[in-house]
Amino acid sequence: MAEWIIVYGIIPFAKIAVIVLVLSGAVAYMTLLERKVIAHIQVRLGPMRVGWHGLLQPIADGLKFILKEDIVPARADKLLFTLAPAISLVPAFVVFAVIPFGPPGMMEDLLRWVLSPFLDAAAVESIATHSAASGGFVTDINIALLFVLSISSVGILGIILGGWASNSKYPLLGALRSSAQMISYEVALGFSVIGVLLVTQSLSLVQIVENQREAEVWYIFYQPLAFILFFICGMAETNRLPFDLPEAETELVGGFHTEYSGFRFSLFFIAEYAAMVTVSAVAVTLFLGGWLRPFPNVEWLSFLDLIPPLLWFVIKVFLLLYVFIWIRGTLPRYRFDQLMGYGWKLFLPLALANVIVTAGVVLALM
Amino acid sequence: MLGSYIPILIFILVAITLPVVGLLVGRLLRPHLPTADKLMPYECGVDPVDDARGRFSVRFYIIAILFVIFDVETIFLFPWAVIYDKLALFGFIEMVIFLGILIVGYFYVWKKGALEWA
């Protein structure tokens, strides 16, 4: 019984604490990275004052968010106004419960080292080799991909509620646009994922990466179209440029969070950036081989194994996040009718065609 | 098997404590000086003109209905895709019929102009 609590309670809790801390830090420094990269794209310097090349800027921003007055508009629905940012933030974090950062058995030695002062050798060994405890993930469930899609959709509720509860015109318009955009692109996103499922025949994210290791190829080479569709739809889902119409500053002021200030505003902000990390992490897991090194089948590249799997995962996620920022610095914003048109008339048929063609090819190769 | 869902529950609890703790700590530190003007809904500097929750375009409803149809469709395809190697040809034909009905509906919706936004 004690062992069960350690395997399913204490060790996951430790992993969750690390993930939440790292993710918060990553989100904070994403904002700095974004400002810096966009500044240099536009031949500016970006933040330079707080710390060396603005390195302490995220900390200053965080302090300011906590110290700013928290304004609740007089006509707002107070309960929903308070709940909305939390509803938006919680799903963005919870998705990381099923994302595999490293291979199964990655933490065996670490667990042995940490647990040996507290337990006898037999118990330590049985916990350290337990598949649920030693993997480089919080938990491995057999419906992980479904879990990611369903939990991340809950975030939309936070945005709708935030816009509606403000009882102000710009937030309501922003929230409506945002929800229409997110549900439109979610359809194409769902279809693009099915292509990968047809190839790998599993919903467990750990299993999907393991299958890529056994197939000795990343699924992006089997499903290039699905990857492009997934990434574009992911950009639309996270309300990023060129799909940032919900917050289009020049026409809607700030979109659904116009009335939010201080810490509550920062919760929406963190949720948006955490969602970007989620999209990148899921894309890496499904298409770019998760923790696997590039070209897992090429023998003479085996020196790349010197970089540990966890680091490969982080590097790939970082590269995709950089692409997010790069695209923001490069492309102008779409019009809303163009946005809906692309979602329903271009990406959806393409994703559908991809599913049918993939099914046909898989059948022919069976 | 159910044990692997316990970490998710823990994660949800941890994620909920974050905003709660943040807001409570902030309450001790931040100023609270409301005035009538400050609490007014933002409308580019003018006093708000009637209620914000008025009518909005019917297209948002149409999109929502279309979303429900297509998203249920994707959910049906998930289990199908996972056991595709066992279904083989039977599964492929079934899916083509299933998606065929969907595609006919899709083109009907397109021709009816439900996907036009202007």
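Residues numbered from 1 in each chain as written. Chains lettered and ligands numbered in written order. Predicted model: local features only at pLDDT ≥ 70, side-chain atom pairs only at ≥ 80, totals over all residues. Heavy atoms only, no water.

Just checking my understanding: could you explain the overall build of chain A for this structure?
Each helix and strand counted, chain A has 14 helices and 0 strands in total. Mapped in sequence order, the helices and strands of chain A form the string α-α-α-α-α-α-α-α-α-α-α-α-α-α. Relative to the globule expectation of 21 Å for 366 residues, the C-alpha radius of gyration of chain A, 22 Å, shows essentially globular dimensions. Dimensions of chain A, computed from C-alpha atoms along their principal axes, come out at roughly 60 × 55 × 45 Å. Counting over 366 residues, chain A shows a buried share of 58%. Here the contacts in chain A between residues at least 6 apart in sequence split such that 79% fall between residues at least 24 apart. For chain A, the computed accessible surface area is about 14800 Å², with 71% contributed by carbon and sulfur atoms. In chain A, 21 positive and 25 negative side-chain charges are present, and the distance between their average locations comes to 13 Å. (Helix = DSSP H or I, 4+ residues; strand = E, 2+ residues; numbered from the N terminus. Rg over C-alpha atoms; globule rule 2.2 N^0.38 Å. Buried < 20%, exposed > 50% of the residue type's maximum accessible area, 1.4 Å probe, protein only. Contact = heavy atoms within 4.5 Å. Areas by Shrake-Rupley, 256 points an atom, 1.4 Å probe, with all protein chains shown as cover. Lys, Arg positive; Asp, Glu negative; His and termini not counted. Charge placed at Lys NZ, Arg CZ, Asp CG, Glu CD.)

Honestly, the interface of chain B and chain A in this entry has me stumped. Any pointers?
Accessible area lost upon the coming together of the parts is a frequently used measure of interface size. Taken together, the contact pairs 66 residues of chain B with 81 residues of chain A. Of the roughly 6700 Å² buried where chain B meets chain A, counting both sides, 77% is carbon and sulfur surface. The largest share of the area that chain B buries against chain A comes from Phe11(B), Arg53(B) and Phe78(B), three residues that together contribute 12% of it. In this structure, Lys345(A) engages Glu116(B) in a salt bridge whose closest nitrogen and oxygen atoms are separated by 2.8 Å. The interface formed by chain B and chain A holds 7 residue pairs in polar contact (both at pLDDT 80 or more) in total. (Buried area = accessible area lost by both parts, 1.4 Å probe. Salt bridge = Lys/Arg side-chain N within 4 Å of Asp/Glu carboxyl O. Polar contact = N/O pair within 3.5 Å; in protein donor to acceptor, adjacent residues only side chain to side chain.)

Before we go on, may I ask you to explain the nonpolar core in this structure?
Across soluble globular proteins, nonpolar side chains have a tendency to be buried as a group. Of all hydrophobic cores here, the largest spans 132 residues; its most connected members are Phe191(A), Leu286(A), Phe11(B) and Trp80(B). Setting aside residues up to four positions removed in sequence, Leu286(A) forms contacts with Leu145(A), Val193(A), Val196(A), Leu205(A), Ile208(A), Gln212(A), Tyr219(A) and Phe230(A). Among the nonpolar cores identified, the runner-up in size contains 11 residues, and Val7(A), Leu111(A), Leu115(A) and Ala133(A) belong to it. (Core = buried A, V, L, I, M, F, W, Y, C linked by side-chain atoms within 4.5 Å.)

Honestly, the packing of helix H3 (residues 78-94) of chain A against helix H12 (residues 262-287) of chain A in this entry has me stumped. Any pointers?
Two quantities define a packed helix pair, namely the angle between the helix axes and the distance between the axes. Residues and elements named next belong to chain A. Relative to each other, H3 and H12 sit at 20°, their axes nearing to 8 Å. Accordingly, the angle class assigned to the pair H3 and H12 is roughly parallel. Crossing handedness for the pair H3 and H12: left-handed. Contacts between H3 and H12 involve Phe81, Thr82, Ala84, Pro85, Ser88, Leu89, Ala92 and Phe93 on the former and, on the latter, Arg264, Leu267, Phe268, Ile270, Ala271, Ala274, Ala275 and Thr278. Broken down by class, the residue content of the contact of H3 with H12 amounts to 12 nonpolar, 3 polar and 1 charged. (Axes fitted to C-alpha atoms, helices over the stretch in contact; angles between N-to-C directions. Parallel < 35°, antiparallel > 145°, perpendicular 65-115°, else oblique. Left-handed = near helix turned anticlockwise from the far one by under 90°. Nonpolar A, V, L, I, M, F, W, Y, C, P; charged D, E, K, R; others polar.)

In this structure, what is going on with the side chain of Arg30(B)? I would like to understand it.
Relative to the elements of secondary structure, Arg30(B) occurs in the loop between helix H1 (6-29) and helix H2 (59-82). Residue Arg30(B) is classed as buried on the basis of its relative accessible area, which comes to 14%. Excluding anything up to four places from it in sequence, Arg30(B) contacts Ile66(A), Leu67(A), Lys68(A), Glu69(A), Asp70(A) and Leu23(B).

Without other data, these values stay purely geometric and don't point to any function.
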